[in-house]
Number of protein chains: 2
Amino acid sequence: MPKPVVPEEKRRRRRPTRSGTVLSERLIVDTALRMLREHGSAGLTARRLGLALDCDPSTLYRYFRGMDDLTLAIGDALIGRALRGWRRTGQWRADLRALGLRIHAAYVAHPQAALLTANRVTGRAHELAADEAVLDILRTAGFPLADTVRVYQAFIDQTLAFAALDAASLALPSDSLRADEAKWSSTYARLPAATHPRIAEAAPLLATRMLTSAYPAALDLLLDSAAHQLSAGPEAG
Amino acid sequence: MPKPVVPEEKRRRRRPTRSGTVLSERLIVDTALRMLREHGSAGLTARRLGLALDCDPSTLYRYFRGMDDLTLAIGDALIGRALRGWRRTGQWRADLRALGLRIHAAYVAHPQAALLTANRVTGRAHELAADEAVLDILRTAGFPLADTVRVYQAFIDQTLAFAALDAASLALPSDSLRADEAKWSSTYARLPAATHPRIAEAAPLLATRMLTSAYPAALDLLLDSAAHQLSAGPEAG
DNA sequence: CTCTTATGCCAACGCCATTGACCTTACGCG
DNA sequence: CGCGTAAGGTCAATGGCGTTGGCATAAGAG
């Protein structure tokens, strides 16, 4: 029988750890984010997190059901950061564009964390708020329900998909040991033109890729398509 | 000093394992793919793989430098399957479209494997072949080198990004323990309309989402944009 | 002030990847 | 055909991991 986890808002007794620090969901998640940045996405372990927080690893289980639960909380924190300070203008297209870029940016700002969380459904507060916001923007703009759901799906999927991919290339260099990045200069650049002529001729340009994300362009394409859908039949089923 | 790994094509002595089976890179990767499908993306461990192959886990290190190296090989196998039997027609747009759909399909056919490998650069044979093919299609179509690299990047990124995302939703249900999927019916569906009116009204439609990928639509948008680029200035810098 | 119980701590379990030493047998060579 | 070598399978051990049940203690309700 696993220990029950007390939800953050129900916590009454705040007992300091042996070393005096007072734990909280917030503190744990923030510390985890810092550790992810510093030690890479494989560097987040219960033991190390306990070390960083000056508490026993098992104490974390009073706050999260397990490391997976903590992972979801980290993901939700990223979305929370994306939404912080965001205001709607009332122009659906501009609003969606800004929201997409914000979410993408929030993930890319924490690449190692993004890798862990980008393809998870957290069901937590901030994620719900983001979903609600996207749906409301579309409905208010006049999209029928069915179209709203379609555009919503494409929007969210595309945003998270690019976030994960862009995060992956950013996360790798500092991700301790391996160097997939180096393969671009090692493997790719020294391929013989005889067997791979197209890679050979493009190698110099390929090496400098990954510096700019294709997401903004893809996002604009998606919004174009949505706008076209809207003007075609705003009130149709 | 880690043990040296003999590349597959250099192997001379094929010594059967204690139980009589003869190992090979191919056999190991195929078995790993089967295990991934059956036990989920966390179910692939050296010990279990050894069990399935009737060999000591440490034997695997004669074929791969570590589990990570094996992971890359698995990813390359997926690309290999995508390319198998593929033929070019000479029409760049149709060829790229078919190639994208094939790669996407190959990943989605092995969701658990896709999750592990979609955002890794393997630098192995099949991946190189795919890159070469994409680049050649674009160059042959008349795209200048710079445009070729841009379109190539967007094409690959988008394909892998959607593959990873679509794989994620497919992988979860069977992925042993957790049920993020269930959150769509549990958390989302029972949200009060007071706090999340838009989610509430869309809940029935949202529950049936994830059944169809947004990738084909996104791919067409990308190809549209490329075609426009091409017709605008085929021979310009 | 007392009592309860939330919450931090400890020790232990079973799993994991990886390694170095060992051993056996397939193969290249004469 | 038979020998020597080293490729490649096996064993045992190491250190790290997540997670759990029991215990101790102090925070806060009354």
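Model, not experiment: these values are computed from the prediction.

**Thoughts on the packing of aromatic side chains**
What characterises a pair of aromatic rings is the spacing of the ring centres plus the angle enclosed by the ring planes. Per the counting criterion, the structure on display carries 4 aromatic pairs over all chains. Aromatic pair F162 of chain A and Y215 of chain A: ring centres 5.9 Å apart, planes at 50°, arrangement tilted. Of the two residues, F162 of chain A is situated in helix α7 (residues 145-174) and Y215 of chain A in helix α10 (residues 215-232); the sequence distance between them amounts to 53 residues. For the residue pair F162 of chain A and Y215 of chain A, the accessibility class agrees, reading buried in each case. Both rings, one in W92 of chain B and one in F143 of chain B, keep their centres 5.2 Å apart while their planes meet at 85°; by these two values the pair is edge-to-face. Here the residue W92 of chain B occupies a position in helix α4 (residues 92-109), and F143 of chain B occupies one in the loop between α6 (125-141) and α7 (145-174), the gap between them amounting to 51 residues. An identical accessibility class is assigned to W92 of chain B and F143 of chain B; each is buried. A cation over an aromatic ring shows up here: R11 of chain A above the ring of Y63 of chain A, its NZ or CZ 3.7 Å from the ring centre.

**Quick word on the UniProt feature "DNA-binding region" (unreviewed entry) in chain A**
Here the UniProt-annotated "DNA-binding region" (unreviewed entry) positions come out as residues 45-64 of chain A. The distance separating the terminal C-alpha atoms of residues 45-64 of chain A is 13 Å; by composition the span is 40% helix and 0% strand.

**A word on the relation of the copies chain A and chain B**
Least-squares fitting of chain A to chain B yields an RMSD of 0.1 Å, with the superposition described by an axial translation of 0.0 Å and a rotation of 180°. Here the transformation between the copies is reduced to the relation of a two-fold axis. Taking C-alpha positions as the reference, the residue of chain A nearest the rotation axis is A161 of chain A, at 2.3 Å.

What counts and what doesn't
Residues numbered from 1 in each chain as written. Chains lettered and ligands numbered in written order. Predicted model: local features only at pLDDT ≥ 70, side-chain atom pairs only at ≥ 80, totals over all residues. Heavy atoms only, no water. Phe/Tyr/Trp six-rings, centres within 6.5 Å; stacked < 30°, edge-to-face > 60°. Helix = DSSP H or I, 4+ residues; strand = E, 2+ residues; numbered from the N terminus. Buried < 20%, exposed > 50% of the residue type's maximum accessible area, 1.4 Å probe, protein only. Lys NZ or Arg CZ within 6 Å of the ring centre and 35° of its normal. UniProt positions renumbered as here; feature names shortened; annotations may be inferred. Least-squares fit on C-alpha atoms with pLDDT ≥ 70 in both.

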